[in-house]
Amino acid sequence: MPTLTLALWGLATLLTLVILFRGVIFNQIWQFPFFFLYLFVNLLQAAITFFLYRSYGFTSSFTFPLAWTTQGIVVIARALAAVEVCFLILGHYKGVWALASRILGFSGVLVLALALYFGKNGYAHGIITLEVGLEAAIATGIAGLFVFARYYQILVAPATGQLGLGLGILSCFKILNDLFLQKFARAIGFNWNHASFCTFVAVLLVWMWALRKPIAMRIPNPIMKSAAAYSNLMPQVNQRLAELNDQLAHVWHLESPKS
Amino acid sequence: MSIGFFIVAAFSALGLGGLLLWALRGSSQRKSHEHGLKVLESAPQHLRNMRQIRQAMDAADLHFARERGGPALSKRLRSERRDVVLHYLEAIRADFEQSLHIARIIAVLSPEVSGSHEYERLRLSVVFRWRFQKAKLRMHLGNAPLVEVASLGQMATCLAIQMEEAMAKLGERAALAAELALQSDR
């Protein structure tokens, strides 16, 4: 294995260990349990694949399926961490959360299905296509989450936002990584692997920055007593908006009075 | 893997990354909504100026100025009044945006939210913004029906008043004010 790859692998492992260690020391693991579970699973996978590649080599028929299976578990753990971030940002707002979880869940499943359908190319690359699909679903969910938060002007706690940003960027890069790996594996070889490791190290640094404070900011939000205000008001607001739009259409279409 | 899938997937990944950064950048920018509280305190901000604006938009008034002061005065008056109306249009837009902002907060605070209402509001607000820009363009070109613009202002203000009244009636004003105050502190 090239020295640079080993060095980047070592650095990523070290950073992961630091985040995990700090998480345990400062009790952050209870604030973001699935995120820390993902880091732990990722660390475990790194150890397993390191052992496999060292013992059996990169080209072994035994190593390949096992390494990709562990990769699948890591992606699922990351998906859980992404759902956790979504819940931490929108979960306090019952109504919006109910709506967003349905829309984001549906979008994620749709993207996964589309990726699997259009990316199918035999069994050998099936697992990579599955990973592309899962990563696309995670990236769509995270991007959709932030679009929702922006639309509803929901404050995103910096730590949670940066964790989400890292998860989203990582998923986007993983998609590119898998696509390039599948398409140009022979041409680019280890170089692309280096780019992938560098991105992961950068994301780990973002997460370290996000979790630098022992206790993340939490803001209590006042919630209305009932849905009456919403159900009474929104049809009226929409009705008024429709009238405003009609009026605007008049402004555009009517002739100016002669003066 | 087909080249088509490769290109679409690669651009989608880049697009999602861009969307993510854009949306998150917005989250750090939403610091101050102090105007929201003002809307709650005095919703019909521009209703008070309605009579003067109507006067400024009155075609008969301009006709009178041309007859008495000549075309030069009439032209200058028209230009100045158009600027006033453009400012007024901006004020209408600001009132409208504030009403939408409050509507969004009501949705955020509500324990139940209807997807169809939310979609409808989103669609209507996009249409409003588009038509508003067209109306503004027409105003710049100098041939907008001014009385219609005044009616538009009245309707936008009515929306704010209606929301204010409904909130007061439902006794949920406290929660809304608390959320707005919380946002302006952030």
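Up top you'll find the structure we're talking about.
Residue positions within a chain follow its written sequence, with the count starting from 1. The order in which chains are written sets their letters, starting at A; the order in which ligands are written sets their numbers, starting at 1. Whole-chain, interface and lining totals are the exception, using all residues; otherwise, since this is a predicted model, local features are given only for residues with pLDDT of at least 70 and side-chain atom pairs are given and counted only at 80 or more. Side-chain figures throughout are based on the complete set of non-hydrogen atoms in the structure, without hydrogens or water.

(A) Structural view of the overall build of chain B. Broken down by element type, chain B carries seven helices and zero strands. Secondary structure elements are defined from DSSP: runs of H or I of at least 4 residues count as helices, runs of E of at least 2 residues count as strands, and each element is numbered from the N terminus. Secondary structure elements of chain B occur, N-terminal to C-terminal, as α-α-α-α-α-α-α. Any residue under 20% of the maximum accessible area for its type is buried, any over 50% is exposed, and the rest in between are partly exposed; the area is computed with a 1.4 Å probe on protein chains only. Sorting the 186 residues of chain B into buried and exposed places 47% on the buried side. Residue contacts are defined here by distance: any two heavy atoms, one from each residue, within 4.5 Å place the two residues in contact. Put simply, 81% of the contacts in chain B that link residues at least 6 apart link residues at least 24 apart. Approximately 9,300 Å² of chain B is accessible, and the part contributed by carbon and sulfur atoms is 59%. Here, Shrake-Rupley sampling with a 1.4 Å probe gives the accessible areas, and only protein chains in the shown set may cover a residue.

(B) Main features of the overall build of chain A. A count of helical and extended segments in chain A gives eight helices and zero strands. Listing the helices and strands of chain A from first to last along the sequence gives α-α-α-α-α-α-α-α. Buried residues in chain A amount to 48% of all 259 residues. For chain A, the proportion of contacts with a sequence separation of at least 24, taken over those separated by at least 6, is 76%. Accessible surface for chain A amounts to roughly 12,500 Å². Of this, 71% is attributable to carbon and sulfur atoms.

(C) Fine view of the state of the cysteines. Throughout, disulfides are identified as pairs of cysteine sulfur atoms within 2.5 Å of each other. On inspection of all chains with the given rule, the structure shows zero disulfides over all chains. Of all cysteine sulfurs in the structure, the one in Cys172(A) sits closest to Cys86(A), which takes part in no disulfide; the separation is 14 Å.

(D) Quick peek at unusual backbone geometry. Positioned with a positive phi, Asn27(A) is a non-glycine residue whose angle comes to about 60 degrees. Relative to the elements of secondary structure, Asn27(A) occurs in the loop between α1 (3-25) and α2 (33-56).

(E) Structural view of the side chain of Lys174(A). Residues and elements named next belong to chain A. Considering the arrangement of structural elements, one finds Lys174 in helix α6 (residues 158-188). For Lys174, which is buried and forms no salt bridge, the nearest opposite charge comes from Glu131, at a distance of 5.0 Å. Apart from the residues lying within four places of it in its own chain, the contact partners of Lys174 are Gln71, Arg78, Glu131 and Glu135. All tallies of charge rest on Lys and Arg as positive and Asp and Glu as negative; His and the ends of each chain are not included. We define a salt bridge as a side-chain nitrogen of Lys or Arg found within 4 Å of a carboxyl oxygen belonging to Asp or Glu.

(F) Region of the structure containing the side chain of Ser171(A). All names here are of chain A. As for its placement among the helices and strands, Ser171 is situated in helix α6. In this structure the side chain of Ser171 is engaged in a polar contact, spanning 2.9 Å, whose partner is the side chain of Glu135. Leave out the neighbours within four places in its chain, and Ser171 touches Arg78, Glu135, Ile138 and Ala139. The definition of a polar contact used here is a pair of N or O atoms within 3.5 Å, where within protein one atom must be able to donate a hydrogen and the other to accept one, and adjacent residues in sequence count solely through side-chain atom pairs.

(G) Representation of α1(A). In a regular helix each residue adds 1.5 Å, so 23 residues correspond to 33 Å; α1(A) covers 33 Å between its end C-alpha atoms and thus fits that length. With its phi angle positive at about 60 degrees, Asn27(A) sits one or two positions after the end of α1(A). The length a helix should cover is 1.5 Å for every residue beyond the first.

(H) Quick peek at the environment of Gly18(B). If you trace the backbone, Gly18(B) turns up in helix α1 (residues 3-29). Separated by 94 residues in the primary sequence, Gly18(B) and Glu112(B) place their C-alpha atoms 31 Å from one another.

(I) Local environment of the packing of aromatic side chains. Paired rings are identified among Phe, Tyr and Trp, the last through its six-membered ring, by centres lying within 6.5 Å, and are further divided according to the angle between planes into stacked (under 30 degrees), edge-to-face (over 60) and tilted (the rest). According to the stated counting rule, one finds nine aromatic pairs over all chains in the structure shown. An angle of 80 degrees between the planes, with centres 5.5 Å apart, marks the rings of Phe35(A) and Phe36(A) as edge-to-face. For the pair Phe35(A) and Phe36(A), a shared accessibility class is recorded, and that class is buried. When the centroid spacing of 4.9 Å and the interplanar angle of 85 degrees are considered together, the rings of Phe35(A) and Trp207(A) count as edge-to-face. Linking Phe35(A) in helix α2 with Trp207(A) in helix α7 (residues 190-210), this pair joins segments that are 172 residues apart in sequence. Across from the ring centre of Tyr151(A), 5.0 Å away, lies the NZ or CZ of Arg104(B), which sits over that ring. By the criterion adopted, a ring carries a charge over it if an Arg CZ or a Lys NZ lies within 6 Å of its centre and within 35 degrees of its normal.

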